Amino acid sequence: MTAAAATNPEQLLFASTAAAFLDKEGSLARVRELHAAGESFDPDWWQRAAELGWTSLLVPESLGGGSVSGDGVADLAVIAELIGHTVAPGPLHPVSVVLAGLVEAPEGHQDTIDALVSGELVGSWAVYEPGRPSAPTQATTIATVATATADGYRLDGAKDRIEAGAQAGVLLVPAVCDGVVRQFLVPTDAPGVTVTGVGSVDLVKSYARAEFAGVALDASAVVGTAADTAAIIERQRQIALVLQCAELVGILDTVLAFTYQWLGDRHSFGRPLASYQALKHRAADMKMWFEAARATTAGAVSAVAEHSDDAPRLVSVAKAYVAERAPVILQDCVQLHGGIGVTWEHDLHLYLRRAALYRAMFGSPEDHHRAVYAMSRRLEEATA
């Protein structure tokens, strides 16, 4: 489900309430204000967003959550798409990804889930290893190590590209323990944890590097069993990707709308730009690419919501297509605006920055094209 596809009264109210909140509290003007102040997001703003139900969507009612439609993934995609309309700030992505992992293995983590749902706590998935272009999830590619001790575990290593890491109170950290990958909840104020903030190409999306030097963790810090961890990590990866794609759809929807408006309003030689045949063809191409991006994203959202066996392939299909086409469409929109499109004062670059960031995070389009090919080959061999 997308913001445009909300149909029943509850979904429509949820979407309209979120849109009104973002128009007032997460506008492009607010994004520029936060950038000028050197801030990423306002914690009080995030708590108000949590009160609207944004953080509870992936959490079942038995754990204190719930969603208006009963399909939390679809409702979350609606929020991500609406955020794309103003490239709003806030830790929706990292908090949602952490909750996606915790709800799969909630034993001993109810307090953390409650704090994340209330907005009092921000969490982030510390999955990237320094020096590696993609997020490693295999024991052979993870350098961070957890060593079992008499009281729990000792964590050593480093992670980087942690979204909202400097604002987070807890990190979910994959590490190798006894030769297998496990995940651990690590408070950022624990002795031995050093978090260093890092900026990004986006105006308000901030990242961080975390170093773990002999961090002592209780036995309760581990999330899930060794046998469950691979499936939990895959679930988190899928949520991260559909959120990216849904937000990119929102970005494209907004930018195309004001670009088409510009082509109709701007005149050259006494004629609106939209009347020129070459620009008509260009606009039609962008519209076609946008609708394909929306459709592939909707397919991925549906598959992830249903825990479909085909979800890994469909999220890669969506990321490969949407993240590949979005920067191309946005660059076309810049050119169609002419000189004003490359100025700081125009809002186009705010959207282009967010799209460029998402193109790189959690696998490039090229990475996902290769993944789709590999999964399709395996499927063909299995059904041959």
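Residues numbered from 1 in each chain as written. Predicted model: local features only at pLDDT ≥ 70, side-chain atom pairs only at ≥ 80, totals over all residues. Heavy atoms only, no water.

### Quick word on the overall build of the protein
Part 1 of the argument: Check the secondary structure of the protein and you find 11 helices and 10 strands.
Part 2 of the argument: For the protein, the C-alpha radius of gyration of 21 Å lies close to 21 Å, the compact-globule estimate for 384 residues.
Part 3 of the argument: Principal axes of the C-alpha set define a box for the protein whose edges measure 80 × 60 × 45 Å.
Part 4 of the argument: Taken over 384 residues, the protein has a buried fraction of 52%. (Helix = DSSP H or I, 4+ residues; strand = E, 2+ residues; numbered from the N terminus. Rg over C-alpha atoms; globule rule 2.2 N^0.38 Å. Buried < 20%, exposed > 50% of the residue type's maximum accessible area, 1.4 Å probe, protein only.)

### A look at the UniProt feature "domain: Acyl-CoA dehydrogenase/oxidase C-terminal" (unreviewed entry) in the protein
Part 1 of the argument: Look at the UniProt record and you will see "domain: Acyl-CoA dehydrogenase/oxidase C-terminal" (unreviewed entry) annotated at residues 244-368.
Part 2 of the argument: Between the C-alpha atoms that bound residues 244-368 there is a distance of 14 Å. The span itself is 75% helix and 3% strand. (UniProt positions renumbered as here; feature names shortened; annotations may be inferred.)

### Observations concerning the pattern of salt bridges
Part 1 of the argument: For the coordinates displayed, the defined rule picks out 18 salt bridges.
Part 2 of the argument: Residue Asp160 is joined to Arg161 by a salt bridge in which the shortest nitrogen-to-oxygen separation is 3.0 Å.
Part 3 of the argument: A salt bridge links Glu163 to Lys205; the shortest N-O distance between them is 2.6 Å. Taken as a pair, Glu163 in the loop between β3 (152-159) and β4 (170-177) and Lys205 in the loop between β6 (193-198) and β7 (207-218) lie far apart in primary sequence, 42 residues in all. Lys205 carries the same exposure label as Glu163, and that label is buried.
Part 4 of the argument: Ionic contacts of the salt-bridge type, sharing partners, join the residues Asp202, Glu247 and Arg354 into one network. (Salt bridge = Lys/Arg side-chain N within 4 Å of Asp/Glu carboxyl O.)

### A closer look at the environment of Cys245
Part 1 of the argument: Note that Cys245 resides in helix α7 (residues 226-265).
Part 2 of the argument: Expressed as a C-alpha distance, the spacing of Cys245 and Val315, which sit 70 residues apart in the sequence, is 8.8 Å.
Part 3 of the argument: With sequence-adjacent residues up to four places away left out, Cys245 is seen in contact with Thr297, Ala318, Lys319 and Val322. (Contact = heavy atoms within 4.5 Å.)

### Digging into the packing of aromatic side chains
Part 1 of the argument: The tally for this structure, following the rule as stated, stands at eight aromatic pairs.
Part 2 of the argument: Between Phe21 and Trp45, the aromatic rings sit 5.5 Å apart at their centres with planes inclined by 25°, giving stacked as the arrangement. Note that Phe21 is positioned in helix α1 (residues 9-25) and Trp45 in helix α3 (residues 43-51), a separation of 24 residues in sequence. Judged on exposure class, the residue Phe21 and its partner Trp45 are both buried. (Phe/Tyr/Trp six-rings, centres within 6.5 Å; stacked < 30°, edge-to-face > 60°.)

### Some points on the UniProt feature "domain: Acyl-CoA dehydrogenase/oxidase N-terminal" (unreviewed entry) in the protein
Part 1 of the argument: The residues that UniProt annotates with the feature "domain: Acyl-CoA dehydrogenase/oxidase N-terminal" (unreviewed entry) are residues 9-89.
Part 2 of the argument: End C-alpha atoms of residues 9-89 are separated by 27 Å, and the span's content is 63% helix alongside 0% strand.

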